[in-house]
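Read off the chains here:
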Amino acid sequence: MEIQTNFSLKNYNTFGIEAKARQFVAVHNTTELKTILEQNESEKKFILGGGSNMLLTKDLDALVIHVDLKGKKIIQEDDDFVWVESQAGENWHEFVLWTIDQNFGGLENMSLIPGNVGTTPVQNIGAYGTEIKDTFVSCEALTIKNQEIKKFTKAECHFGYRESVFKNEAKDQYVITSVVFKLTKHNHKINISYGDISGELAKNNITNPTLKDVSNAVIAIRQSKLPDPKELGNSGSFFKNPILLKSDFEEIHQKFPEMKYYEVSETEVKVPAGWLIEQAGFKGKRFGDAGIHKNQALVLVNYGNATGQEILDVSKTIQNTIFKTFGIHIEAEVNVI
């Protein structure tokens, strides 16, 4: 393990922001991770996964530890289900495709989400009607302070909408090293009710979709709306969809009857942030090298040499305009550093 100094993180964040780490090291197993944490106990540390859900606004005056643990295996199965463990450094999309190739169901709607497996529980990532919590069993994490392994059950993760214990009470205390998912072996619960999936399948004359069909549909939809980070720097959806009390929403809805919404409970509704941003006139707008994608208003992009601060400024302009226009506050989904 070589600790490098003044290390460029441009290729380690999907926004493609040029920022430097005071020190940088990649670890490939838990032994290396324990050693680095132990030997650098007094150092300020920053844990880096796939770099897909963060916006770097400055250089990092810290030891950046890139978690590059690889491997996946079946750890248990019965007639109906299989329990699969993946190491934290596995690419999420490649892991999803691997499960589909094995005919294991449950993750297909989350195809093509950028990032690594280890960070998926942090955000409780989700797409097209599914979330990590739907198939999550447990994860193992290394305590940064004393290098002890702790196992987190689903209940202990306190999953919410793009929320978990790792973003709140346990923030900056653990490094997730592996995750276990419980997936179906047959009688898969095919979910095509959300978004454009059913339309995409119909376009291809598919009436009885397989896991692969659903995955391909999701990939096609995402590719039509979302830019490839390798070609145009971005971090996927920058904002969360706001969830409002029905009583508050009804007041707003009277002023804006065309506003789209989805019921999430008896007392709450979710409003698509992309719709709000588009209605406010930001879709496709550019501010220097920072901008809003032309096909998806939820996605902020780096056209080349934008700084993290410039992208953050654009996000704040959007938030302020949405609040002034609709009286709704939209929160960033991306971690701003």
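Thresholds, definitions, all that
For every chain, the first residue of the written sequence is number 1, and numbering continues from 1 onward in sequence order. Local features in a predicted model are, by the rule used here, given only for residues with pLDDT of at least 70; side-chain atom pairs are given and counted only at 80 or more, and totals for whole chains, interfaces and linings are based on all residues. The basis for every side-chain value is the complete set of non-hydrogen atoms in the structure, without hydrogens or water. Any pair of cysteine sulfurs within 2.5 Å is marked as a disulfide. Only rings of Phe, Tyr and Trp enter the pairing, Trp through its six-membered ring, and a pair is recorded when the two centres are within 6.5 Å. The plane angle decides the type: under 30 degrees is stacked, over 60 is edge-to-face, the rest tilted. Runs of E in the DSSP output that reach at least two residues are strands. Runs of H or I that reach at least four are helices, and both are numbered from the N terminus. The criterion is that NZ of a Lys, or CZ of an Arg, lies within 6 Å of the ring centre and within 35 degrees of the ring normal, and then a charge sits over that ring. The buried label applies to any residue whose accessible area, calculated with a 1.4 Å probe on protein chains only, is under 20% of its type's maximum; exposed applies above 50%, and partly exposed to all values in between. Between two residues, a contact is recorded if the distance between any of their heavy atoms is within 4.5 Å. Each pair of strands is called paired provided DSSP finds at least two bridges between the two strands. The salt bridge definition used is simple: a Lys or Arg side-chain nitrogen within 4 Å of an Asp or Glu carboxyl oxygen.

1. Quick word on the state of the cysteines
Right, so step 1: A full pass over the atoms with the stated rule returns zero disulfides.
Right, so step 2: Among the cysteines around cysteine 139, which has no disulfide bond, cysteine 157 carries the closest sulfur, lying 4.5 Å off.

2. Things to note about the packing of aromatic side chains
Right, so step 1: Considering all chains together, one arrives at 16 aromatic pairs under this definition.
Right, so step 2: Measuring from ring centre to ring centre gives 5.9 Å for tryptophan 92 and phenylalanine 95, while their planes differ by 50 degrees; the resulting arrangement is tilted. Here tryptophan 92 pairs with phenylalanine 95, and both are found in helix α2 (residues 92-101), just three residues apart, close to one helical turn.
Right, so step 3: Put simply, the rings of Trp92, Phe95, Trp98, Phe104 and Phe181 pair up and form one aromatic cluster.
Right, so step 4: Over the aromatic face of phenylalanine 152 sits the side chain of lysine 150, whose NZ or CZ is 4.8 Å from the ring centroid.
Right, so step 5: The ring centre of phenylalanine 81 lies 4.4 Å from the NZ or CZ of lysine 182, which sits over that ring.

3. Description of the environment of phenylalanine 256
Right, so step 1: Of note, phenylalanine 256 is situated in the loop between α6 (246-255) and β15 (262-263).
Right, so step 2: Note on phenylalanine 256: relative accessible area 18%, which makes it buried.
Right, so step 3: Note: C-alpha distance between phenylalanine 256 and threonine 99 (157 residues apart in sequence) is 43 Å.
Right, so step 4: With residues up to four places along the chain from it excluded, the contact list for phenylalanine 256 reads Thr325 and Phe326.

4. Notes on the environment of isoleucine 100
Right, so step 1: Structurally, isoleucine 100 can be placed in helix α2.
Right, so step 2: Along the backbone, isoleucine 100 and glutamate 90 are 10 residues apart, and their C-alpha atoms lie at a distance of 15 Å.
Right, so step 3: Ignoring sequence-local partners within four residues, the contact set of isoleucine 100 consists of Glu108, Ser111, Leu211, Lys212 and Ser215.

5. Some points on the pairing of strand β11 (residues 149-153)
Right, so step 1: Bridge analysis of strand β10 (residues 136-143) against β11 gives five bridges, and the strand direction is antiparallel. Paired with cysteine 139 across the strands is phenylalanine 152, a residue of β11.
Right, so step 2: Joining the antiparallel neighbours β10 and β11 is a turn of five residues, in which glutamine 147 adopts a positive phi near 60 degrees.

6. Remarks on the pattern of salt bridges
Side chains that differ in sign of charge can pair as their charged atoms come close.
Right, so step 1: Applying the stated rule across the entire model yields 18 salt bridges.
Right, so step 2: In this structure, glutamate 85 and lysine 73 form a salt bridge, with 4.0 Å as the shortest nitrogen-oxygen distance. Residue glutamate 85 is found in strand β7 (residues 81-87), and its partner lysine 73 is found in strand β6 (residues 72-77); the two are separated by 12 residues along the sequence.
Right, so step 3: The exposure class of glutamate 85 is buried, given its relative accessible area of 15%.
Right, so step 4: Assessed through its relative accessible area of 48%, lysine 73 is described here as partly exposed.
Right, so step 5: Taken together, the salt bridges that share partners define one network made up of Glu131, Lys133, Asp134, Arg162 and Glu333.

7. Here's the deal with the pairing of strand β12 (residues 174-184)
Right, so step 1: Of all the 11 residues making up β12, nine are buried; the element is thus mostly covered by neighbouring parts of the structure.
Right, so step 2: Alignment of β7 against β12, held across seven bridges, turns out to be antiparallel. Bridging from a neighbouring strand, phenylalanine 81 pairs with threonine 184 of β12.
Right, so step 3: In terms of strand pairing, β10 meets β12 through seven bridges, oriented antiparallel.

8. Examining the sheet that holds strand β17 (residues 286-287)
Right, so step 1: With antiparallel pairing, the four strands of this open sheet are ordered in space as β13-β19-β18-β17. Looking at the sheet topology across the chains shown, the edges are occupied by β13 (233-237) and β17.
Right, so step 2: For β13 and strand β19 (residues 299-302), the ladder comprises three bridges, and the chain directions are antiparallel. Directly across from serine 237, in β19, lies its bridge partner valine 299.

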